[in-house]
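Residues per chain are reported as follows:
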Amino acid sequence: MKKHNIAIFVFIFIFALIISFAIGRYSISPISLLKALFGFTITAQEKTIIFNLRLPRIIIATFLGAGLSLSGLVYQGIFQNPMVSPDLLGSTSGAGFGAALAILLGLSYLEITLVSFLFGILAVSFVLLISSRVRGNPTLTLVLSGMMVSSVFSALISFIKLIADPEEALPQITYFLMGSLSSVRKQDILPVVILIVIAIVPIVILRWSLNIMTQGEEEAKALGVNTRAVRLASIISATIVTATATSLCGMISYVGLVIPHLVRMITGCDYRKTVPASILLGASFLLLVDTISRSIATVELPIGILTSLIGAPFFLYLILREAKKL
């Protein structure tokens, strides 16, 4: 990647970090922020806001945004389809069902997160099991299996909503599925960071193979790439990211769909460039959206609504832009 390109993404990320710390219902001045970061004395209120309220959200938004964006980039590459997002194989709907079921059963916050994560993994495991039993185009088989499993879990979510207590469980389920970082805690930071790093590392290692796979299945095999192993590693990585994001803060759409497009518009299609760019821009995007969600109104808006409101029109613009080239 050219130095000026990576510098742009680094600058955007730093800007997003500063904005996330500074803006909220209680604003933090740049001077107070610098004092806090370098260990100087600040007021007890500012210290609580910076380290107890905003820092956990900022760290988690950074890693989830980076992971979702990178997962979308990889999925669009291995499936050779720019309309693909990380929830293609049902991990989002599976994790959403797990969360809805756990809330219906009255489980604790930690138990809801764990059940949701496990169901996200389980959904993609079903997809891989089904596709392994079907002969034919492996990519098409995965997509069709993912659509089927996703539809099943979406129907199960609707059933959970139907039987849930309309006074307590139903509002909680509905709000959770809209997506929000309002409930994240300091205890969530370490597991999220570990899981996202575990998911990102294989993608970074496989970026050379992913470049070759963009030339097509047969060409990649002829050049010595184990396409099955690369595809499986990519799917596992994206599943970990998507299940982690959904289990912790509900359904967050469009990050993994739109950000990779924007990255490729700036850097091209070389994974040596797009991987670091996607990490930085995805993290920046989710940081800024989370800042808007907790600042734009007296009541915090679900982040999933905002990502859709921002992402859908932009994605429409990209579609129209590509259509003009044809």
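Residues numbered from 1 in each chain as written. Predicted model: local features only at pLDDT ≥ 70, side-chain atom pairs only at ≥ 80, totals over all residues. Heavy atoms only, no water.

Asker: Explain the overall build of the protein to me, using residue names and the numbers behind them.
Answerer: For the protein, the helix and strand inventory stands at 14 helices and 0 strands. Traced from its N-terminal end to its C-terminal end, the protein shows the element sequence α-α-α-α-α-α-α-α-α-α-α-α-α-α. Computed over C-alpha atoms, the radius of gyration of the protein comes to 20 Å, within 12% of the 20 Å expected from 2.2 N^0.38 for 326 residues, which places it in the range of a compact globule. With the C-alpha coordinates aligned to their principal axes, the bounding extent of the protein is approximately 65 × 55 × 35 Å. The buried share of the protein, reckoned over its 326 residues, is 48%. Excluding contacts between residues fewer than 6 apart, the proportion of contacts in the protein whose partners are at least 24 apart in sequence is 75%. Surface accessibility of the protein: about 15,700 Å² in total, with carbon and sulfur atoms responsible for 70%. Positive and negative side-chain charges in the protein, numbering 23 and 14 respectively, have mean positions lying 11 Å apart. (Helix = DSSP H or I, 4+ residues; strand = E, 2+ residues; numbered from the N terminus. Rg over C-alpha atoms; globule rule 2.2 N^0.38 Å. Buried < 20%, exposed > 50% of the residue type's maximum accessible area, 1.4 Å probe, protein only. Contact = heavy atoms within 4.5 Å. Areas by Shrake-Rupley, 256 points an atom, 1.4 Å probe, with all protein chains shown as cover. Lys, Arg positive; Asp, Glu negative; His and termini not counted. Charge placed at Lys NZ, Arg CZ, Asp CG, Glu CD.)

Asker: I'd like a description of a nonpolar patch on the surface, backed by residues and values.
Answerer: Side chains of Tyr175, Met178, Ile292, Ile296, Leu301, Ile305, Leu309 and Ile310 sit close together on the surface and give an oily, nonpolar patch of about 660 Å² of accessible area. Elements that contribute at least two residues to the nonpolar patch include exactly α7 (169–178) and α14 (303–325). Of the residues forming the nonpolar patch, the biggest block, 3 residues, is contributed by α14. Tracing the backbone shows methionine 178 in helix α7. (Patch = residues over 30% accessible without salt bridge, like charges linked within 9 Å, V, L, I, M, F, W, Y side chains within 5 Å. Salt bridge = Lys/Arg side-chain N within 4 Å of Asp/Glu carboxyl O.)

Asker: Can you tell me about the packing of helix α6 (residues 138–163) against α7, naming the residues and giving the values?
Answerer: Packed helix pairs are characterised by how far apart their axes lie and by the angle those axes make with each other. Where α6 meets α7, the axes come as close as 9 Å, and the angle between the chain directions of the two elements is 150°. Between α6 and α7, the crossing angle belongs to the class labelled roughly antiparallel. The crossing of α6 and α7 is left-handed. Residues Ile157, Ile160 and Lys161 of α6 pack against Leu170, Ile173, Thr174 and Leu177 of α7. (Axes fitted to C-alpha atoms, helices over the stretch in contact; angles between N-to-C directions. Parallel < 35°, antiparallel > 145°, perpendicular 65-115°, else oblique. Left-handed = near helix turned anticlockwise from the far one by under 90°.)

Asker: Go over the packing of aromatic side chains, please, and point to the residues and values.
Answerer: Tallying each qualifying case throughout the model produces 4 aromatic pairs. Arranged with centres 5.7 Å apart and planes meeting at 50°, the rings of phenylalanine 97 and phenylalanine 153 form a pair that is tilted. You can see phenylalanine 97 sitting in helix α4 (residues 91–104) and its partner phenylalanine 153 sitting in helix α6, a full 56 residues away along the chain. (Phe/Tyr/Trp six-rings, centres within 6.5 Å; stacked < 30°, edge-to-face > 60°.)

Asker: Which residues make up the pattern of salt bridges, and what values go with them?
Answerer: Within the structure shown, the criterion is met by 5 salt bridges. The closest approach of N and O atoms between arginine 57 and aspartate 290, which form a salt bridge, is 2.5 Å. Pair noted here: arginine 57 is in helix α3 (residues 44–78) and aspartate 290 is in helix α13 (residues 271–293), with a separation of 233 residues, a long-range link. The exposure classification of arginine 57 matches that of aspartate 290, with both residues buried. Between glutamate 300 and arginine 57 there is a salt bridge; the shortest N-O distance is 2.9 Å. Taken together, the residues glutamate 300 in the loop between α13 and α14 and arginine 57 in helix α3 connect sequence positions 243 residues apart. We note that glutamate 300, like arginine 57, is buried. The network of salt bridges with common partners includes Arg57, Asp290, Arg294 and Glu300.

Asker: Give a detailed account of the nonpolar core, specifying residues and quantitative values.
Answerer: One finds Ile60, Leu64, Tyr75, Ile78, Phe79, Leu89 and Leu181 to be the most contacted residues of the largest nonpolar core, which totals 80 residues. What tyrosine 75 contacts, discounting residues up to four positions off in sequence, is Gln80, Val84, Ser85, Pro86, Leu88, Leu89, Ser234, Ile235, Ala238 and Thr239. (Core = buried A, V, L, I, M, F, W, Y, C linked by side-chain atoms within 4.5 Å.)

Asker: Quick one: what's the story with the side chain of serine 85, residue by residue and with numbers?
Answerer: The topology assignment puts serine 85 in the loop between α3 and α4. Polar contacts involving the side chain of serine 85 include one to the side chain of aspartate 87, which spans 2.4 Å. Dropping the residues within four chain positions of it, serine 85 is found in contact with Tyr75, Gly256 and Leu257. (Polar contact = N/O pair within 3.5 Å; in protein donor to acceptor, adjacent residues only side chain to side chain.)

Asker: Hey, could you go over unusual backbone geometry for me, with residue numbers and the actual values?
Answerer: The backbone of tyrosine 254 shows a phi angle near 75°, a positive value even though the residue is not glycine. Summarising the element assignment, tyrosine 254 is placed in the loop between α11 (227–249) and α12 (255–267).

Asker: Go over the packing of α3 against α11, please, and point to the residues and values.
Answerer: At a closest axis distance of 9 Å, the pairing of α3 and α11 adopts a crossing angle of 145°. Pair α3 / α11 crosses with left-handed handedness. Together, Ile60, Leu64, Gly67, Leu68, Ser71, Val74, Tyr75 and Ile78 of α3 and Arg231, Ser234, Ile235, Ser237, Ala238, Thr239, Val241, Thr242, Thr244, Ala245, Leu248 and Cys249 of α11 make up the contact between the two elements. For the contact of α3 with α11, the per-class residue count stands at 12 nonpolar, 7 polar and 1 charged. (Nonpolar A, V, L, I, M, F, W, Y, C, P; charged D, E, K, R; others polar.)

Asker: How would you explain α3 if you had to name every residue and give the values?
Answerer: With 35 residues, α3 should cover 51 Å at 1.5 Å per step; its first-to-last C-alpha distance of 50 Å lies within 8% of that length. For α3, the principal kink sits at arginine 54 and spans about 45°; a proline, proline 56, occurs within the next four residues. Most of α3 sits out of view: 25 of its 35 residues are buried. Positive phi shows up at glutamine 80, right after α3, with a value of about 55°. (Expected span 1.5 Å × (residues − 1). Bend = angle between axes of the 7 residues up to and from the residue.)

Asker: Which residues make up the side chain of serine 69, and what values do they have?
Answerer: Within the secondary structure layout, serine 69 lies in helix α3. By relative accessible area, serine 69 is classed as buried at 0%.

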